[in-house]
Amino acid sequence: MTFPLRIRPIVVLALLASAGHFAVADESGFSTQQYENVVSVLIGGKSFAQYVTNDPGTNKSYLWPVYGPSGIAMTPPAESPPNPHLT
């Protein structure tokens, strides 16, 4: 089964999140924590990203923020204006 390019990251994250739901952490240190509308993805106990599953303000699912290996956010702050190419 193939998925369109823009859907693939969501499918991969959903698979990872569902796998993490059943296992606390694997040997690589990957784990997830599930909240009401957010799945936090942790690697080695550090936050990697949050997958917002149902944002009532946008009615969309998205990854935000995404952190790099040094712990610096790789996504723009919530206060920044939206990218006109993505709306």
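In what follows, the structure referred to is the one given above.
Overview of the structure. What you are looking at is a predicted structure, and each value in this text was computed from that prediction instead of being measured.

## Observations regarding the sheet that holds strand S1 (residues 30-34)
Reading across from one edge, S1-S2-S3-S4 is the order of the four strands in this open sheet, with antiparallel pairing throughout. Since the sheet does not close on itself, it has two edges, and those belong to S1 and strand S4 (60-66), each with one partner. Taking each pair of neighbouring strands and ignoring which way they run, the sheet shows an average axis angle of 20°. Here S1 runs beside strand S2 (residues 38-43); their pairing, made up of five bridges, is antiparallel. Looking at the pairing, Gln34 lines up with Val39 of S2.

## Remarks on the environment of Ser47
Locating Ser47 in the fold gives a position in strand S3 (residues 46-55). Considered as a pair, Ser47 and Tyr67 are 20 residues apart in the sequence and their alpha carbons are 7.1 Å apart. Setting aside chain neighbours within four positions, we find Ser47 in contact with Val41, Leu42 and Tyr67.

## Remarks on unusual backbone geometry
Following Trp64, the chain continues into Pro65 via a peptide bond in cis, with omega recorded as -15°. Of note, Pro65 is situated in strand S4.

The rules behind each value
Residues numbered from 1 in each chain as written. Predicted model: local features only at pLDDT ≥ 70, side-chain atom pairs only at ≥ 80, totals over all residues. Heavy atoms only, no water. Pairing = 2+ DSSP bridges. Helix = DSSP H or I, 4+ residues; strand = E, 2+ residues; numbered from the N terminus. Axes fitted to C-alpha atoms, helices over the stretch in contact; angles between N-to-C directions. Contact = heavy atoms within 4.5 Å.

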